[in-house]
Amino acid sequence: MPTIGIADTTFARCNMGRAAIDEIQKNVSVKIKRVTVPGIKDLPVAAKKLIEEGGCDIVMALGMPGAKQQDKMCAHEASQGLIMAQLMTNTHIIEVFVHEDEGKDEKELAFLMDRRTREHALNVIKLLFKPENLIREAGTGQRQGFEDAGPLRI
């Protein structure tokens, strides 16, 4: 049975880990291992440990960078770390970040955090069980969170 790792943070203002687990469990039967760390810069090592020590086949790294410029820089550094962890382990780590300034208000921000997390959880399921579905979606302008952009017309 495949194992999905969930790494989330206490800095996030919404329980993204719970939303991811709920969506995964609604759709497939898998083992889930979860770890929660303080902030997004802690996610790369958490994800790497879930893969190497926890035996996870794929990991979701969930976090909420703040709205300040220094928060955006920290998000970039965390993203770089997650990419490095993917390359070091040859395993997908699906980064799910929702920046605090992406929503026009708290209601929209909460909606976005939940929807983006759940849509990426479905992507994790596709990567593990039905990668051909992703091939069919290539070039269709999929977006996680807000409405899809749709394909360009040539």
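All of these numbers come straight from a predicted model, not from anything done at the bench.

### Digging into the packing of helix H2 (residues 43-52) against helix H3 (residues 69-89)
- Viewed as axis vectors pointing N to C, H2 and H3 meet at an angle of 20 degrees, and their least axial separation amounts to 8 Å. Considered as vectors, H2 and H3 are oriented roughly parallel to each other. Of the two possible hands of crossing, H2 and H3 adopt the one that is right-handed. Contact with H2, carried on its side by Leu43, Pro44, Ala47, Lys48, Ile51 and Glu52, involves Ala78, Gly81, Leu82, Ala85, Met88 and Thr89 of H3 and no other residues of that element.
- Across the contact of H2 with H3, the residue classes tally to 8 nonpolar, 2 polar and 2 charged.

### Quick notes on the sheet that holds strand E2 (residues 31-37)
- Spatially, 4 strands are ordered E2-E1-E3-E4 in an open sheet, and the strand pairing comes out parallel. Each having just a single partner strand, E2 and strand E4 (93-97) make up the two edges of the open sheet. Strand-to-strand twist in this sheet, taken as the mean axis angle between neighbours without regard to direction, amounts to 15 degrees.
- Two elements, strand E1 (residues 3-9) and E2, share 7 bridges in a ladder whose sense is parallel. When the sheet's bridge partners are listed, Ile6 is paired in E2 with Arg34.
- Packing of H3 onto the sheet brings it into contact with strand E3 (58-63) and E4, and relative to E4 it is tilted by some 165 degrees.

### A short note on the pattern of salt bridges
- What the rule picks out here adds up to 14 salt bridges.
- Asp114 serves as the salt-bridge partner of Arg118, at 3.0 Å between the closest nitrogen and oxygen. Here the residue Arg118 and the residue Asp114 both occupy positions in helix H4 (residues 106-129), the gap between them amounting to 4 residues, near one helical turn.
- We note a salt bridge from Glu137 to Lys126, for which the minimum N-O separation is 2.7 Å. Of this pair, Glu137 sits in helix H5 (residues 131-137) while Lys126 sits in helix H4, and the two are 11 residues apart along the sequence.
- A single network of salt bridges, built from pairs that share partners, joins Asp22, Glu23, Lys26, Asp114 and Arg118.

### Topic: the nonpolar core
- In terms of nonpolar packing, the biggest core is built from 22 residues, with Ile4, Ile6, Met16, Ile24, Met60, Leu62 and Met113 touching the most fellow members.
- Residue assignment for this core shows that the elements contributing at least two residues are E1, helix H1 (16-27), E3, E4 and H4.
- Here this core gets 6 residues from one element, more than from any other, and that element is H4.
- Those residues in contact with Met60 that sit more than four places away from it in its chain are Gly5, Ile6, Ala7, Ala20, Ile24, Ile94, Val96, Thr117, His120, Ala121 and Val124.
- Among the nonpolar cores identified, the runner-up in size contains 17 residues, and Ala7, Cys56, Ala85 and Phe97 belong to it.

Procedures and definitions
Residues numbered from 1 in each chain as written. Predicted model: local features only at pLDDT ≥ 70, side-chain atom pairs only at ≥ 80, totals over all residues. Heavy atoms only, no water. Axes fitted to C-alpha atoms, helices over the stretch in contact; angles between N-to-C directions. Helix = DSSP H or I, 4+ residues; strand = E, 2+ residues; numbered from the N terminus. Parallel < 35°, antiparallel > 145°, perpendicular 65-115°, else oblique. Left-handed = near helix turned anticlockwise from the far one by under 90°. Contact = heavy atoms within 4.5 Å. Nonpolar A, V, L, I, M, F, W, Y, C, P; charged D, E, K, R; others polar. Pairing = 2+ DSSP bridges. Salt bridge = Lys/Arg side-chain N within 4 Å of Asp/Glu carboxyl O. Core = buried A, V, L, I, M, F, W, Y, C linked by side-chain atoms within 4.5 Å. Buried < 20%, exposed > 50% of the residue type's maximum accessible area, 1.4 Å probe, protein only.

Treat this as a map of the structure, not an account of what it does.
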